[in-house]
Amino acid sequence: MHGVAIVGGSGYTGVELMRLIDAHPDLRLMAVSSRQYLGRPVADVFGALRGRVELSFSAPDAPELLDGVELVFLAVPHKAAMAAAPGLLAAGRKVVDLSADFRLRDAAVYEKWYGPHTCQDLLAKAVYGLPEFYRHQVRRAQLTANPGCYVTSVLVPLVPLLRAGLVDSQSLIADSASGVSGAGRGAKMNLIHGEVHEDFKAYAVAGHRHTPEMEQELSLAAGREVRLTFTPHLLPMDRGILSTIYARPVAGAGEEDARRCWQEAFADEPFVRVLPAGVLPQTKHVRGGNMVDIAVASDPRSGLLKIFSALDNLTKGASGQAVQNANLMLGLNETTGLLGLATTP
Ligand SMILES: NC(=O)C1=CN([C@@H]2O[C@H](COP(=O)(O)OP(=O)(O)OC[C@H]3O[C@@H](n4cnc5c(N)ncnc54)[C@H](OP(=O)(O)O)[C@@H]3O)[C@@H](O)[C@H]2O)C=CC1
Ligand SMILES: CC(=O)N[C@@H](CCC(=O)OP(=O)(O)O)C(=O)O
């Protein structure tokens, strides 16, 4: 058994982590923090965990967050993560950070999108935690930066195509739609039921903070600077992301080449499903599970490839991926505790 702790256990990704750790045979949750529920039993706040999680919420800096703990999940907003990570690392604990604080390799890019970064020395030490592309580095990491939810849905299908030179790297367009849990559990007027119910809209059209993260990783895959047009949308659902990506194939390439490229790249990947021709991803097929489903179709009229991906923002988009990374960092089988979780057949 490996002891783990969660800083930020009262948010959506923190609760999802508790669900996943409860189902995990080799992880034991030693402590979980919340300032707003300090001292209250977890089960009194999150009834689904009654009889499963016997802990009460601790303060974020309480000693029990370290006692018997090998790895700490930071399920807190950016900035709060960079305040906590250095101390945990100095105390010899491994860290999986679900926030954006260690995802961008260039501090100047981080500061442009997020403001000041107070521990820039850690940016070079952090490993980008998308196991499908960085598995070997994650195994050796002390600090893993879990990718953004939208970002995972865009990188999984596009990285292999760019690495293989099958699509133009300068004309990529991604439209993604996310359930409202993507915005966190904190009360926000624009996210109350009456505002989002039976509504569907784009947002952050002038620039979303996930765009530089996507461009960073797509550029590494393409071997040149990639420019991507990304537009997020808010879906009136609680969880799930569907991304529709438009890519211009290089001369002579088509949908079959893209599918073959994925079949080779993902042949041994437990959490990527390449759907057969004519089958498209749906959020309900990945709900609660750690899968990302991808599909491609040619548009003969425009000559573009239409690429689709679906994942659960709280699972493969956040906490499931965090457990996948923790498994690697702790020397466990990567899939432990993460198969068979999807809630809709
Ligand atoms: N929701 C999603 O789909 C995804 C989220 N992420 C990222 O994961 C992280 C957590 O997201 P999410 O669970 O949605 O967020 P929530 O807003 O739902 O929860 C945030 C949590 O952090 C705690 N917290 C807030 N500020 C501090 C602080 N200064 N010190 C200690 N604890 C703090 C809160 O608890 P309390 O105030 O009680 O202490 C709460 O438990 C964020 O960085 C988010 O961007 C990444 C991918 C997807
Ligand atoms: C629907 C919604 O609001 N989604 C969030 C992104 C999800 C997220 O948490 O992104 P990070 O992992 O980078 O923090 C947003 O657009 O800001």
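These numbers were taken from a predicted model, which means no experiment stands behind them.

Visitor: Teacher, can you tell me more about the packing of helix α1 (residues 12-22) against helix α10 (residues 315-329) here?
Guide: Between two packed helices, both the angle of their axes relative to each other and the distance between the axes serve to describe the pair. At a closest axis distance of 9 Å, the pairing of α1 and α10 adopts a crossing angle of 45°. Taken as axis vectors, α1 and α10 run oblique relative to one another. When you trace α1 past α10, the crossing you get is right-handed. Across from Thr13, Glu16, Leu17, Arg19 and Leu20 in α1, the residues of α10 making contact are Thr315, Ala318, Ser319, Gly320, Ala322 and Val323. When grouped by side-chain class, the residues that make up the contact of α1 with α10 number five nonpolar, four polar and two charged.

Visitor: Would you take a moment to explain the environment of Thr336 for this structure?
Guide: In this structure, Thr336 sits in the segment after α10. Among the residues examined, Thr336 registers a relative accessible area of 14% and is labelled buried. For the pair Thr336 and His24, spaced 312 residues apart in sequence, the C-alpha separation works out to 6.7 Å. The contacts of Thr336, once residues within four sequence positions are left out, are His24, Pro25, Asp26, Val323 and Asn327.

Visitor: Just to check I follow, could you spell out the site of ligand 1 for this structure?
Guide: Neighbouring ligand 1 are 28 residues; Ser10, Ser34, Arg35, Val76 and Arg185 lie closest to it. Note that an oxygen atom of ligand 1 is positioned 2.8 Å from one of the side-chain N or O atoms of Thr13. In this structure, Val76 approaches ligand 1 through a main-chain N or O atom, which is 2.6 Å from an oxygen atom. Its free accessible area being 890 Å², ligand 1 has 83% of it covered by the protein chains. Taken together, the elements giving at least two residues each to the shell around ligand 1 come down to α1 and α10. A class-by-class count of the residues in the shell around ligand 1 yields 10 nonpolar, 15 polar and three charged.

Visitor: I tried to follow the nonpolar core on my own but got confused; where do I start?
Guide: Looking at soluble globular proteins, one finds that nonpolar side chains tend to be buried together. Grouped together as the largest cluster of nonpolar side chains are 78 residues, with contacts concentrated most on Ile6, Leu17, Met18, Phe73, Leu161, Leu218 and Ile307. The two domains that each donate at least three residues to this core are domain 1 (2-147 + 316-329) and domain 2 (150-312). Among all residues touching Phe73, those that are not within four sequence positions of it are Val4, Ala5, Ile6, Val7, Leu17, Ile21, Val96, Leu98, Ala322, Val323 and Ala326. Val69, Leu88, Phe102 and Tyr114 belong to the second largest nonpolar core, which has 26 residues in total.

Reading guide: rules and limits
- Residues numbered from 1 in each chain as written.
- Chains lettered and ligands numbered in written order.
- Predicted model: local features only at pLDDT ≥ 70, side-chain atom pairs only at ≥ 80, totals over all residues.
- Heavy atoms only, no water.
- Axes fitted to C-alpha atoms, helices over the stretch in contact; angles between N-to-C directions.
- Helix = DSSP H or I, 4+ residues; strand = E, 2+ residues; numbered from the N terminus.
- Parallel < 35°, antiparallel > 145°, perpendicular 65-115°, else oblique.
- Left-handed = near helix turned anticlockwise from the far one by under 90°.
- Contact = heavy atoms within 4.5 Å.
- Nonpolar A, V, L, I, M, F, W, Y, C, P; charged D, E, K, R; others polar.
- Buried < 20%, exposed > 50% of the residue type's maximum accessible area, 1.4 Å probe, protein only.
- Near = heavy atom within 4 Å.
- Polar contact = N/O pair within 3.5 Å; in protein donor to acceptor, adjacent residues only side chain to side chain.
- Areas by Shrake-Rupley, 256 points an atom, 1.4 Å probe, with all protein chains shown as cover.
- Core = buried A, V, L, I, M, F, W, Y, C linked by side-chain atoms within 4.5 Å.
- Domains from an automatic or database assignment.

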